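Residue-level listing of the chains:
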Amino acid sequence: MTNLLILFIAMNALNVVMQTIKSLCTVNSGKTVAAIVNAVTYGFYTVIVVYMSCDLPLWEKSLIIGLCNLVGVYIVKLFEEKNRKDKLWKVELTVRAERTDVLARQLEELAIPHNYIPNVGKWTVFNIYCNTQKESAFVKDLAIKHKAKFFVSESKRL
């Protein structure tokens, strides 16, 4: 029974990791990689379905699957976030005209590239270019502080 329990835990942990990677590949990869990863994970899932009928009590199976999902998804997402490359983000931010000088000075102090179009009615439109996640966080904080409306777009590969 102990060997069955260990095998069930290991297989479910592996299944969760594989299924999470499959989800990421389906969204972020090309069709060939997505198709291969889907084929492998669904093939392995068939084995998991067979092991679902093993002699372990239902509550143990449920607990194991729940914990494997909690830990497995968290670990895969953590790994994905750590390995994510920074992308160029363009933030189009609109503030009241009287806040223009203060916001422009703050962006200069942070050395975040930007330009702006003043006097769009009673507004100023800033185009801000964030090269890192850290810069993006600073700009978001500034937008909230200045009660700005903003739109964000990420750079795409051509």
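Our subject is the structure listed above.
Notes on the structure follow.

About the thresholds
- Residues numbered from 1 in each chain as written.
- Predicted model: local features only at pLDDT ≥ 70, side-chain atom pairs only at ≥ 80, totals over all residues.
- Heavy atoms only, no water.
- Buried < 20%, exposed > 50% of the residue type's maximum accessible area, 1.4 Å probe, protein only.
- Helix = DSSP H or I, 4+ residues; strand = E, 2+ residues; numbered from the N terminus.
- Pairing = 2+ DSSP bridges.
- Axes fitted to C-alpha atoms, helices over the stretch in contact; angles between N-to-C directions.
- Contact = heavy atoms within 4.5 Å.
- Core = buried A, V, L, I, M, F, W, Y, C linked by side-chain atoms within 4.5 Å.
- Expected span 1.5 Å × (residues − 1).
- Arc of directions from axis to C-beta.
- Disulfide = S-S within 2.5 Å.

### Points about the pairing of strand β3 (residues 123-130)
Here is step 1 of the chain: Most of β3 sits inside the fold, with six of its eight residues counted as buried.
Here is step 2 of the chain: Strand direction decides the pairing type here: strand β1 (residues 89-96) and β3, joined by eight bridges, are antiparallel. The partner of lysine 90 across the bridge, within β3, is tyrosine 129.
Here is step 3 of the chain: When strand β2 (residues 114-120) meets β3, the two strands line up antiparallel, connected through five bridges. Within β3, the position partnered with histidine 114 by the bridge is isoleucine 128.

### Considering the sheet that holds β3
Here is step 1 of the chain: Spatial strand order, β2-β3-β1-β4: four strands in an open sheet with antiparallel pairing. The open sheet has two free edges, formed respectively by β2 and β4 (149-154), since each of these has just one partner strand. Pairwise comparison of adjacent strand axes, ignoring direction, gives a mean angle of 15 degrees for this sheet.
Here is step 2 of the chain: Where helix α4 (residues 100-109) meets the sheet, it contacts β1, β2 and β3, and its direction lies at approximately 10 degrees from that of β3.

### So, the nonpolar core
Here is step 1 of the chain: Of all hydrophobic cores here, the largest spans 14 residues; its most connected members are Leu93, Leu103, Leu107, Phe126, Ile128 and Val139.
Here is step 2 of the chain: Secondary-structure elements contributing two or more residues to this core are β1, α4, β3 and α5 (133-145).
Here is step 3 of the chain: Apart from the residues lying within four places of it in its own chain, the contact partners of isoleucine 128 are Trp89, Lys90, Val91, Leu93, Leu107, Ile112, Pro113, His114 and Val139.
Here is step 4 of the chain: If you look at the next biggest cluster of nonpolar residues, it comprises six residues, including Val16, Cys54, Leu56 and Cys68.

### Description of helix α2 (residues 31-51)
Here is step 1 of the chain: With 21 residues, α2 ought to run about 30 Å at 1.5 Å a step, and its terminal C-alpha atoms sit 30 Å apart, in line with that.
Here is step 2 of the chain: Within the span of α2, buried status applies to Ala34, Val37, Thr41, Phe44 and Ile48. Projected down its long axis, α2 shows its buried positions confined to an angular sector of 115 degrees, all on one face. Exposed and facing more than 90 degrees away from the buried side of α2 are Lys31, Thr32, Ile36, Ala39 and Val50.
Here is step 3 of the chain: In this structure, the buried side of α2 is in contact with α1 (2-28).

### With respect to the state of the cysteines
Here is step 1 of the chain: Using the criterion set out here, one finds zero disulfides in the structure.
Here is step 2 of the chain: Counting only cysteine sulfurs, cysteine 68 is the nearest neighbor of cysteine 54, a cysteine outside any disulfide, at a range of 13 Å.
Here is step 3 of the chain: For cysteine 54, a relative accessible area of 15% puts it in the buried group.

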